[in-house]
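Topology and contacts: notes
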Amino acid sequence: MVVERTFLAIKPDGVQRGLIGEILGRFERKGFKLVALKQLIPSKELAEKHYGVHKERPFFGGLVDFITSGPVVAMVWEGDGVIASARNMIGATKPLEALPGTIRGDLAINIGRNVIHGSDGEETAKFEISLWFTLDELNDWNPSDQIWRVEQ
Ligand code: IDP
Ligand code: MG
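Calculation notes
- Residues numbered from 1 in each chain as written.
- Chains lettered and ligands numbered in written order.
- Predicted model: local features only at pLDDT ≥ 70, side-chain atom pairs only at ≥ 80, totals over all residues.
- Heavy atoms only, no water.
- Core = buried A, V, L, I, M, F, W, Y, C linked by side-chain atoms within 4.5 Å.
- Buried < 20%, exposed > 50% of the residue type's maximum accessible area, 1.4 Å probe, protein only.
- Helix = DSSP H or I, 4+ residues; strand = E, 2+ residues; numbered from the N terminus.
- Near = heavy atom within 4 Å.
- Polar contact = N/O pair within 3.5 Å; in protein donor to acceptor, adjacent residues only side chain to side chain.
- Areas by Shrake-Rupley, 256 points an atom, 1.4 Å probe, with all protein chains shown as cover.
- Nonpolar A, V, L, I, M, F, W, Y, C, P; charged D, E, K, R; others polar.
- Phe/Tyr/Trp six-rings, centres within 6.5 Å; stacked < 30°, edge-to-face > 60°.
- Lys NZ or Arg CZ within 6 Å of the ring centre and 35° of its normal.

**Details of the nonpolar core**
The biggest cluster of nonpolar side chains holds 22 residues, and the ones touching the most others in it are I23, F27, W77 and I103. Looking at this core, the elements with two or more residues in it are β1 (3-10), α2 (20-30), β3 (72-80), α5 (82-90) and α6 (103-107). Looking at this core, the element that brings in the most residues is α5, giving 5 residues. F7, Y51, V64 and F66 belong to the second largest nonpolar core, which has 19 residues in total.

What follows is the structure, encoded as structure tokens:
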């Protein structure tokens, strides 16, 4: 069993719309473990690195302006299969195509304001966690109900 970690971030629209509790609650109830959490207004440099893979796309400038426009809630979540599972819980990039029951399917309508970011694979998760957090911000801990979360 390989325990994974993923990077998730509630984007400025999710923070401004008061959706932090709703979103955190979904990952908590699922059974994943929160190992890092902070609110910050990302610098342009951080935003450009984070979305570097999209730098040739026409929406890149607007995306960087948006993500640096206000507070973001940055998180690291841990658990079996958390990278793919979080992507499933987030839903499709285009909120109108995201299934009901997913975060974007339930809470968003606009591709440029789709509430949350989630790492899309193992390498991306590693890169994004180290971009947004220092090692000492990642907490190793065991929830008292851990026995109910993992395969026996
Ligand atoms: P993802 O967030 O589902 O991984 P990506 O394709 O990696 O989607 O795109 C990153 C972010 O860039 C999206 O979440 C969305 O906010 C924004 N984005 C992607 N495609 C478009 C577009 O065509 N117009 C405007 N914004 C876009
Ligand atoms: Mg992506």
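**Some points on the site of ligand 1**
Taken together, K11, Y51, H54, F59, L63, R87, T93, R104, I111 and N114 are the residues near ligand 1. Between ligand 1 and R87 there is a distance of 2.8 Å, counted from an oxygen atom to a side-chain nitrogen or oxygen. In the model, an oxygen atom of ligand 1 is placed 2.5 Å from a nitrogen or oxygen of the T93 side chain. About the coverage of ligand 1: the protein hides 76% of its 530 Å² of free accessible area. Taken together, the residues that form the shell around ligand 1 break down as 4 nonpolar, 3 polar and 3 charged.

**Some words on the packing of aromatic side chains**
Counted under the stated rule, the structure contains 3 aromatic pairs. Consider the rings of F7 and F133, whose centres lie 6.4 Å apart with planes at 65°: the pair is edge-to-face. Placement of the pair is F7 in strand β1 and F133 in the segment after α7 (122-132), with a sequence separation of 126 residues. For F7, a relative accessible area of 0% translates into the label buried. Feature note: the residues F7, W132 and F133 constitute an aromatic cluster, connected by ring pairs. Positioned over the ring face of F133 is K38, at 4.6 Å from the centre of the ring. We note R113 situated over the ring of F66; from NZ or CZ to the ring centre the distance is 4.1 Å.

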